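# Architecture at a glance
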Amino acid sequence: MKIMIEARLELHAGTLKQLVSKLLSLLAELRPSHHSLGEDEAGQLIGDPKGFVDSLTNRSPGPWLTGKFCSYDISLAGPKEIICFASLEVSSTLAEQFMVEMASLNPVFGSACVQDERIQRNRIAISLGSNNIESWVGRDTQKYIPGLYWLTLLPDALMKRNGMVFSATSWRRSHVSTLSLKLGSTCSASMRGQRIGGRRPPSRI
């Protein structure tokens, strides 16, 4: 069964080509096939993946990549981190595989969940008289850890900066359906310093 997943990845500045190259190497359901500069523009076929990657620059606004079951909105803001918003209509297994692939890029932080969870965790609404004000909060990794989501990429560096320490065994015990890998020497729940955790799968559609 397919589910609608929203993923948000924060990557180090200067890694745009590595990110797009990785996206273009994914399985067909996760792989973008067209590119444009925005959601409202007609997409152009990516006929030569290597040539397309080589043509990329780090200038704003960043490419918009789409496929049959996926879309990737890549936001560039000068020397700041790259933000990639992904929308995936895939199985929970493929969503987990996507996050594993993204972990190889050594992201600053990554999360994947259904829209309701993201809204509940990171969106606030305030009523001031007749005005309703909504805003995203809690996503600044320079100040704190955004949270633990259905699937989370949590680098050791970010945990240490925020005083978080927990073992691979406690990570597995405290979460249902945890994705646990042993790649490298850090611990059995890490990939190149990226802790990958999960809870129960999101609602199916």
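These remarks concern the structure in this document. Please read these numbers as outputs of a predicted model, since none were measured by experiment. Sequence order sets the numbering: in each chain, residues are counted from 1 along the sequence as written. pLDDT decides what is reported in this predicted model: residues at 70 or higher carry local features, side-chain atom pairs at 80 or more are listed and counted, and totals for whole chains, interfaces and linings draw on all residues regardless. Side-chain numbers come from the whole structure's heavy atoms, not from hydrogens or water.

### Remarks on the overall build of the protein
A helix here means a DSSP run of H or I that spans at least four residues, while a strand means a run of E at least two residues long, and both kinds are numbered starting from the N terminus. Helices and strands together make up the secondary structure of the protein, namely six helices and 13 strands. Buried positions account for 44% of the 205 residues belonging to the protein. Contact criterion: two residues are considered in contact whenever any of their non-hydrogen atoms come within 4.5 Å of each other. Within the protein, counting contacts between residues at least 6 apart in sequence, those at least 24 apart form 64% of the total. Of the roughly 11,000 Å² that the protein leaves accessible, carbon and sulfur atoms contribute 52%. Three exposure classes are used, based on accessible area relative to the maximum for each residue type with a 1.4 Å probe and protein chains only: buried under 20%, partly exposed in between, and exposed over 50%. In this description, accessible areas are obtained by the Shrake-Rupley approach with a 1.4 Å probe, and a residue is regarded as covered only by the protein chains that are shown.

### Considerations on the pattern of salt bridges
Here, a salt bridge means any side-chain nitrogen of Lys or Arg that lies within 4 Å of a carboxyl oxygen of Asp or Glu. For the structure shown, the criterion picks out two salt bridges. K22 is paired through a salt bridge with E101; the nearest N and O atoms lie 3.2 Å apart. Of the two residues, K22 is situated in helix 1 (residues 16–23) and E101 in helix 3 (residues 92–103); the sequence distance between them amounts to 79 residues. For E101, a relative accessible area of 26% translates into the label partly exposed. Close ionic contact of D54 with K50 constitutes a salt bridge, the shortest N to O distance being 3.1 Å. Remark: K50 and D54 occur in helix 2 (residues 49–55); sequence separation between them is four residues, near one turn of the helix. Given a relative accessible area of 45%, D54 falls into the partly exposed group. Using a relative accessible area of 60% as the deciding quantity, one classes K50 as exposed.

### Considerations on the environment of Q142
Topologically, Q142 is positioned in the loop between strand 9 (131–136) and strand 10 (151–155). Classification of Q142 by relative accessible area gives exposed; the value is 54%. Distance in space between the C-alpha atoms of Q142 and N162 is 9.6 Å, their sequence separation being 20 residues.

### Here we look at the pairing of strand 7 (residues 109–113)
In terms of residue burial, strand 7 counts as a mostly covered element, since five of its five residues are buried. The pairing of strand 1 (residues 3–11) with strand 7 spans five bridges and is classified as antiparallel. Bridge pairing in strand 7 links A7 to A112. We treat two strands as partners when DSSP finds at least two bridges between them. Strand direction decides the pairing type here: strand 7 and strand 10, joined by three bridges, are antiparallel. Its bridge partner being in strand 10, G110 is matched across the sheet by L153.

### Some points on the packing of helix 1 against helix 3
To get an axis, fit a line to the C-alpha atoms, keeping to the stretch in contact for a helix; angles then go from 0 to 180 degrees between the N-to-C directions. Direction vectors running N to C along helix 1 and helix 3 enclose 145°, while the axes themselves pass 10 Å from each other. Judged by the sense of rotation from one axis to the other, the crossing of helix 1 with helix 3 is right-handed. Here L19, K22 and L23 of helix 1 come into contact with helix 3, specifically with F98, E101 and M102. Charged residues are taken to be Asp, Glu, Lys and Arg, nonpolar residues to be Ala, Val, Leu, Ile, Met, Phe, Trp, Tyr, Cys and Pro, and polar residues to be all remaining types, Gly included. Its residues assigned to classes, the contact of helix 1 with helix 3 shows four nonpolar, no polar and two charged. Take the far helix as your reference; a near helix turned counterclockwise from it by less than a right angle gives a left-handed crossing, and one turned clockwise gives a right-handed crossing.

### What to know about the packing of aromatic side chains
Centres within 6.5 Å are what make two rings of Phe, Tyr or Trp a pair, Trp counting through its six-membered ring; a difference in plane orientation under 30 degrees is then read as stacked, over 60 as edge-to-face, and the rest as tilted. One pass over the full model with this rule turns up two aromatic pairs. Their ring planes at 65° and their centres at 6.4 Å tell us that F109 and Y149 sit as a pair that is edge-to-face. Residue F109 is found in strand 7, and its partner Y149 is found in the loop between strand 9 and strand 10; the two are separated by 40 residues along the sequence. Y149 matches F109 in its accessibility class, with the two residues each being buried. Across the ring face of F69, the terminal group of K2 is positioned such that the distance to the ring centre comes to 3.3 Å. Over a ring means this: the NZ of a Lys or the CZ of an Arg is within 6 Å of the ring centre and within 35 degrees of the ring normal.

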